[in-house]
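Coordinate inspection notes
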Amino acid sequence: MRLAVAVLAGVILVAPGGAEARPLRVLSLDQCADQYVLALAPDAELALSPRADDPDAWMREAAAGRRRVRPTLEAAIAFQPDVVVRYWGGEPRLLARLEADEVRVLTIEDATDFNGIRADIRTVSDGLGVSERGEAMIARMDATLPAEPVRDAGSRPRALYLTAGGFTAGKGVLIDAILSAAGFANAAEAPYFTPVSIERLVLAPPTHFILGFFDQVRGDWRGVGRHPVLRRLARGRVAAKLPAAALTCPAWFAADAAAMLKAGV
């Protein structure tokens, strides 16, 4: 039996007395998808992932009182979604069943810049039948982004992004776009995510550190990023501490992270 067939706006149920509209039924398969559906389809019947209200979820307050389900085939069969939204979530059996049943699945791509985020917003909002909300979200994101720095790239202050787990981020990831939007030059030499070398940082410390995920007290509490040597090295050099909730998903709130960084939060 098919799980469901997706529609763009609402679902019409035919009852003995005539047709009756019910809210769109949307299944979210991971925390990133939770953020999108909570923001774009709050009036839909949502089934969110178990991590929807975790401390590192941007829309955690909006998730209060919403249904939570594990992203499994059994949960999907019970919920009978009209649309499924995912970033990385969903077990292989579920994804295979969704494909076989031709259920509409909206996939959030791993955006590496703000154009990629705009495309993701349009993918989800168009697929949920709320294109106008998506365009309004993009407009808010663009308004939140700091104004383009007047100085050229060569004169920008250099900053190294550092996570509590001891990783940094170079070209090819969204963090690099956030740094650039805030007026910083990325001090990371290698592309993508790479572990930091304490020895190299001691010998050649960056002008600024930008700390990410340090607000997660229980996460990576023994990580390299919390090493006493790095704590001493970063003293007086921290440009901003970005909350995990602004960094866990390629979404509109990356602009908020850039604004925080520009303001030195």
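So, here is what we can say about the structure in this document. No experiment lies behind these values; they were computed from the predicted model shown. (Residues numbered from 1 in each chain as written. Predicted model: local features only at pLDDT ≥ 70, side-chain atom pairs only at ≥ 80, totals over all residues. Heavy atoms only, no water.)

What about the side chain of D30?
To be explicit about the condition: To qualify as a helix, a DSSP run of H or I must reach at least 4 residues; to qualify as a strand, a run of E must reach at least 2; elements of each kind are numbered from the N terminus. Residue exposure (1.4 Å probe, protein chains only): buried if accessible area is under 20% of the type maximum, exposed if over 50%, otherwise partly exposed. Charge counting treats Lys and Arg as positive and Asp and Glu as negative, with His and both chain ends excluded. In the sections that follow, a salt bridge refers to a side-chain nitrogen of Lys or Arg positioned within 4 Å of a carboxyl oxygen of Asp or Glu. N or O atoms within 3.5 Å of each other form a polar contact, as long as, within protein, one can give a hydrogen and the other can take it, and as long as residues adjacent in sequence are counted only when both atoms are side-chain atoms.
On the secondary structure map, D30 appears in the loop between β3 (25–28) and α1 (31–40). Although D30 is buried, it forms no salt bridge, and the closest oppositely charged side chain is R86 at an N-O distance of 5.5 Å. Here the side chain of D30 touches W88 through a polar contact of 2.9 Å, landing on its backbone nitrogen.

Some remarks on the nonpolar core
Test applied: Think of a nonpolar core as a cluster: buried Ala, Val, Leu, Ile, Met, Phe, Trp, Tyr and Cys residues, connected wherever their side-chain atoms sit within 4.5 Å. The contact definition used throughout considers only heavy atoms, calling two residues in contact when any of these lie within 4.5 Å.
With 58 residues, the main nonpolar core has Y36, F114 and L128 as its most contacted residues. Not counting residues up to four positions away in its chain, the partners in contact with Y36 are A41, I108, I117, D120, I121, V124, C249, P250, A251 and W252. In this structure, A164, I198, L233 and A234 belong to the second largest nonpolar core, which totals 14 residues.

Details of the state of the cysteines
Threshold: The disulfide criterion used throughout: a pair of cysteine sulfur atoms within 2.5 Å.
This structure, assessed with the given rule, holds 1 disulfide. Residue C32 pairs covalently with C249 via a disulfide, S to S 1.9 Å. Between C32 and C249, the disulfide has an S-S torsion of 50 degrees and is therefore right-handed. Of the two residues, C32 is situated in helix α1 and C249 in the loop between β13 (238–242) and α9 (254–263); the sequence distance between them amounts to 217 residues. For C32, a relative accessible area of 3% translates into the label buried.

Details of the pairing of β3
Definition in use: Looking down the strands as they point away from you, a crossover is right-handed if its path from the first strand over the helix to the second goes clockwise. Any two strands with at least two DSSP bridges between them are considered paired.
What you see with β3 is no split at all: R25 and L27 on one side and V26 and S28 on the other are buried throughout. Taken together, β3, α1 and strand β4 (residues 45–48) constitute a β-α-β crossover, and its handedness is right-handed. Of the pairings in the sheet, the one linking β3 to strand β6 (residues 83–86) comprises 3 bridges and is parallel in character. Looking across to β6, one finds that V26 is bridged to V83.

Brief notes about the pattern of salt bridges
Tallied over the entire structure, the rule returns 13 salt bridges. Ionic pairing is found between E45 and R25, a salt bridge with its closest N-O pair at 3.4 Å. Note that E45 is positioned in strand β4 and R25 in strand β3, a separation of 20 residues in sequence. For R25, a relative accessible area of 18% translates into the label buried. Among the salt bridges present, the one from E45 reaches R67, with a minimum N-O distance of 3.3 Å. Taken together, the residues span a long stretch of sequence, with E45 in strand β4 and R67 in strand β5 (residues 67–68) at a distance of 22 residues. Salt bridges linked by common partners bring R25, E45 and R67 together as one network.

Notes on the side chain of D120
Along the chain, D120 turns up in helix α4 (residues 114–127). Side-chain polar atoms of D120 contact the backbone nitrogen of E109, separated by 2.8 Å. Ignoring sequence-local partners within four residues, the contact set of D120 consists of Y36, T107, I108, E109, A111 and P250.

Quick word on the sheet that holds strand β10 (residues 185–186)
Put simply, the test is: Angles shown run from 0 to 180 degrees and are taken between the N-to-C directions of axes, each axis being a line fitted to C-alpha atoms and, for helices, limited to the stretch in contact.
Ordered by their spatial adjacency, 4 strands build an open sheet running β10-β8-β12-β13, and the pairing between neighbours is parallel. Taken across any chain shown, the strands that pair with only one partner, and hence form the sheet edges, are β10 and β13. Where strand β12 (residues 208–212) lies against β13, 4 bridges are found, and the strand directions are parallel. Residue pairing across strands places L211 opposite K241, the latter belonging to β13. Contacts between α9 and the sheet are confined to β12 and β13, with β13 contributing the most and set at about 150 degrees to the helix.

Regarding the sheet that holds β4
In spatial order, the strands read β5-β4-β3-β6-β7; together these 5 strands make up an open sheet with parallel pairing. The strands lining the two open edges of the sheet, one partner per strand, are β5 and β7 (104–107). Alignment of β4 against β5, held across 2 bridges, turns out to be parallel. Looking at β5, one finds that A47 is bridged to R67. The strands that α4 touches are β6 and β7; relative to β7, the one it contacts most, it runs at about 160 degrees.

Quick notes on α4
A turn of α-helix holds 3.6 residues, and therefore any two residues three or four places apart point the same way. Here is the rule: What a helix should span is 1.5 Å times the count of its residues minus one.
The terminal C-alpha atoms of α4 lie 20 Å apart, and with 14 residues this matches the ideal 20 Å at 1.5 Å per residue to within 8%. Buried residues belonging to α4 abut α1, β6, β7, α5 (131–144), α6 (174–181) and α9. Taking the backbone nitrogen of N115 as reference, a side-chain oxygen 3.3 Å away marks D113 as the first, capping residue of α4. Directly beyond the C-terminal end of α4, a positive phi value near 75 degrees is found at G129.

Keep in mind these numbers describe shape, not what the thing actually does.
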